[in-house]
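Spelled out, the chains give:
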Amino acid sequence: MAQRFGGRYSPGAQDMPQPKGAPVHPLETRVKWITLAAIPFLIGAFWQDPTGLVTDLAAFGIVVLGGLLTREGLQAEAAYDARRTARRPAWPRKLMGGVLTGLGLAVGAWAPGAMAGAALIGVAGLALHYLAFGPDPMRDKGMEGIDSFQQDRVARFVAEGEGYLNAMQDAILRSGDTRLQARIAVFAETARELFRRVEEDPGDLASARRYLGVYLMGARDATVKFAEFYAQTGDTRARADYEALLSDLEGNFAARTRSLIEGGRTDFDIEMQVLRERLAREGVRPPDAVLEDRRGMELTDLIRETMKSGRKPD
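Predicted model only: the values in this text are computed from it and were never measured.

### Looking at the overall build of the chain
Here is step 1 of the chain: The helix and strand tally for the chain stands at nine helices and zero strands.
Here is step 2 of the chain: The linear arrangement of helices and strands in the chain, starting from the amino end, is α-α-α-α-α-α-α-α-α.
Here is step 3 of the chain: Partitioning the intrachain contacts of the chain with sequence separation of at least 6 by distance along the chain shows that 75% fall at a separation of at least 24.
Here is step 4 of the chain: For the chain, the accessible area works out to roughly 19,000 Å², and carbon and sulfur atoms hold 58% of it.

Given below as structure tokens:
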């Protein structure tokens, strides 16, 4: 079946849902300069003796590998920065990328009797790499008070859900319809909002586990069957039914996310009321006007104002 071209500036593109895409680190474009800096090793290798050939090719390969690790580290840091709660990367890819970059430069600069100079060049390369890309995130963010066992359970469910979303995006490619591909990407972002909410509060897993597993598995199966059928027939009615299914799924996932957020607000209000009752039992009784609804007030401001206006009972 012929595939209609579709792009950002194509007719009707304004009505096409546009996914946000994965977060991009602002320094990611700098990584290409690492590879460009290693090209002289690759070119000069073929005018060397066998030892020089192997040395220069090894230097080029090590520097390129360092650039790849640096890119992965920047991508991991961008994902870390985009979340309110996140674990630190499993291992410091940017640091290892800098070490490999310095090592590659040292290998390329090595010559008999010039070991100290080559080592100095390697250290300078590592230092410049650090100044250009900065350190890796070295601590967890927003994880205080979160049960690590529950967080691991959430991670397993999220990984399963991500697998279903990726399978949906791969399957819809067979349809050859760019609008449906963008529609799947938008739905995937809506589902990932629910993932992020559960990651921030693992206690919500019980309320969302069907969405992370059963519903996404059903959506994947429906997408696979639709893509195969639509690629063969081009049935517009089936396409409309599938788009309606995606709309229903997106609305349900968004509603569940809002429900979890509202539940968190309710828990906060309960904690506020419990704190007020404890202050009252301690003999700190603010005027009636202070006890009016203060939902828009920060908790620390409320405590401060309550303590200032408190008085001992007679």
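Picking up after the structure, the text goes on.
### Some remarks on the packing of aromatic side chains
Working definition: an aromatic ring pair is given by the centre-to-centre distance plus the angle between the planes.
Here is step 1 of the chain: Applying the stated rule across the entire model yields five aromatic pairs.
Here is step 2 of the chain: Note on Phe187 and Phe253: the rings are 5.5 Å apart at their centroids and 85 degrees apart in plane angle, and the pair reads as edge-to-face. In this pair, Phe187 is assigned in helix H6 (residues 178–200) and Phe253 in helix H8 (residues 236–281), connecting sequence segments 66 residues apart. No difference in accessibility class separates Phe187 from Phe253, as the two residues are buried.
Here is step 3 of the chain: Pairing Tyr211 with Tyr215 gives two aromatic rings, centres 4.9 Å apart and planes at 90 degrees, and the pair type is edge-to-face.

### A look at the pattern of salt bridges
Here is step 1 of the chain: Tallied over the entire structure, the rule returns 10 salt bridges.
Here is step 2 of the chain: Salt-bridge contacts for Glu77 lead to Lys94; the nearest nitrogen and oxygen are separated by 2.6 Å. One end of the pair, Glu77, is in helix H2 (residues 50–82); the other, Lys94, is in helix H3 (residues 93–109), with 17 residues separating them in the sequence. Of the two residues, Glu77 and Lys94, both sit in the buried class.
Here is step 3 of the chain: The closest approach of N and O atoms between Arg179 and Glu243, which form a salt bridge, is 3.7 Å. Of this pair, Arg179 sits in helix H6 while Glu243 sits in helix H8, placing them 64 residues apart in sequence.
Here is step 4 of the chain: Using a relative accessible area of 28% as the deciding quantity, one classes Arg179 as partly exposed.

### Details of the nonpolar core
Here is step 1 of the chain: Membership of the largest hydrophobic core comes to 29 residues, with the highest contact counts inside it found for Leu165, Met168, Leu194, Leu212, Tyr242 and Phe253.
Here is step 2 of the chain: Secondary structure elements with two or more residues in this core: helix H5 (148–172), H6, helix H7 (205–233) and H8.
Here is step 3 of the chain: Look past the residues within four positions of Phe253 in its chain and what remains in contact with it is Phe187, Thr190, Ala191, Leu194, Tyr211, Tyr215 and Leu216.
Here is step 4 of the chain: Counting residues in each nonpolar core, the second largest holds nine residues, with Val31, Ile34, Ala59 and Leu74 among its members.

### A word on H6
Here is step 1 of the chain: Along its 23 residues, H6 runs 33 Å from first to last C-alpha, staying within 8% of the 33 Å computed at 1.5 Å per residue.
Here is step 2 of the chain: In terms of burial, H6 is largely enclosed, as 18 of its 23 residues are buried.
Here is step 3 of the chain: With a side-chain oxygen lying 2.9 Å from the backbone nitrogen of Arg179, the N-terminal cap of H6 falls on Asp177.

### A few points about the packing of H2 against H3
Here is step 1 of the chain: In contact at an axis separation of 7 Å, H2 and H3 are set at 165 degrees when each is read in the N-to-C sense. Looking at the two axes, H2 sits roughly antiparallel to H3. Here H2 runs over H3; the crossing is left-handed.
Here is step 2 of the chain: Here the residues of the contact of H2 with H3 sort into 12 nonpolar, nine polar and five charged.

### Remarks on the packing of H3 against helix H4 (residues 115–133)
Here is step 1 of the chain: At their nearest, the axes of H3 and H4 sit 7 Å apart, and the two run at 150 degrees to each other. Relative to H4, the element H3 lies roughly antiparallel. Crossing geometry of H3 relative to H4 is assigned as right-handed. Here H3 contributes Lys94, Gly97, Gly98, Val99, Thr101, Gly102, Leu105, Ala106 and Ala109 to the contact with H4, which in turn contributes Ala118, Ile121, Gly122, Gly125, Leu126, His129 and Phe133.
Here is step 2 of the chain: Tallied by class, the residues present in the contact of H3 with H4 amount to eight nonpolar, seven polar and one charged.

### Observations regarding the confidence of the model for the chain
Here is step 1 of the chain: For the chain, the mean per-residue pLDDT works out to 77, and 72% of the residues sit at or above 70.
Here is step 2 of the chain: Summarising per-element confidence for the chain, the mean pLDDT is lowest in helix H9 (residues 299–309) (56) and highest in H3 (92).
Here is step 3 of the chain: In the model, residues 1–14 has pLDDT below 50 throughout and makes 12 contacts with residues more than four positions away in sequence or in other chains.
Here is step 4 of the chain: Of the regions scoring below 50 in pLDDT, residues 288–296 engages in 13 contacts with residues more than four places distant in sequence or in other chains.

### So, the environment of Ala191
Here is step 1 of the chain: Mapped onto the fold, Ala191 is located in helix H6.
Here is step 2 of the chain: With a relative accessible area of 0%, Ala191 lands in the buried category.
Here is step 3 of the chain: Taking the C-alpha atoms as reference, Ala191 lies 9.6 Å from Asn252; in sequence the two are 61 residues apart.

Cut-off values and rules
- Residues numbered from 1 in each chain as written.
- Predicted model: local features only at pLDDT ≥ 70, side-chain atom pairs only at ≥ 80, totals over all residues.
- Heavy atoms only, no water.
- Helix = DSSP H or I, 4+ residues; strand = E, 2+ residues; numbered from the N terminus.
- Contact = heavy atoms within 4.5 Å.
- Areas by Shrake-Rupley, 256 points an atom, 1.4 Å probe, with all protein chains shown as cover.
- Phe/Tyr/Trp six-rings, centres within 6.5 Å; stacked < 30°, edge-to-face > 60°.
- Buried < 20%, exposed > 50% of the residue type's maximum accessible area, 1.4 Å probe, protein only.
- Salt bridge = Lys/Arg side-chain N within 4 Å of Asp/Glu carboxyl O.
- Core = buried A, V, L, I, M, F, W, Y, C linked by side-chain atoms within 4.5 Å.
- Expected span 1.5 Å × (residues − 1).
- Polar contact = N/O pair within 3.5 Å; in protein donor to acceptor, adjacent residues only side chain to side chain.
- Axes fitted to C-alpha atoms, helices over the stretch in contact; angles between N-to-C directions.
- Parallel < 35°, antiparallel > 145°, perpendicular 65-115°, else oblique.
- Left-handed = near helix turned anticlockwise from the far one by under 90°.
- Nonpolar A, V, L, I, M, F, W, Y, C, P; charged D, E, K, R; others polar.
- pLDDT = per-residue confidence, 0-100.

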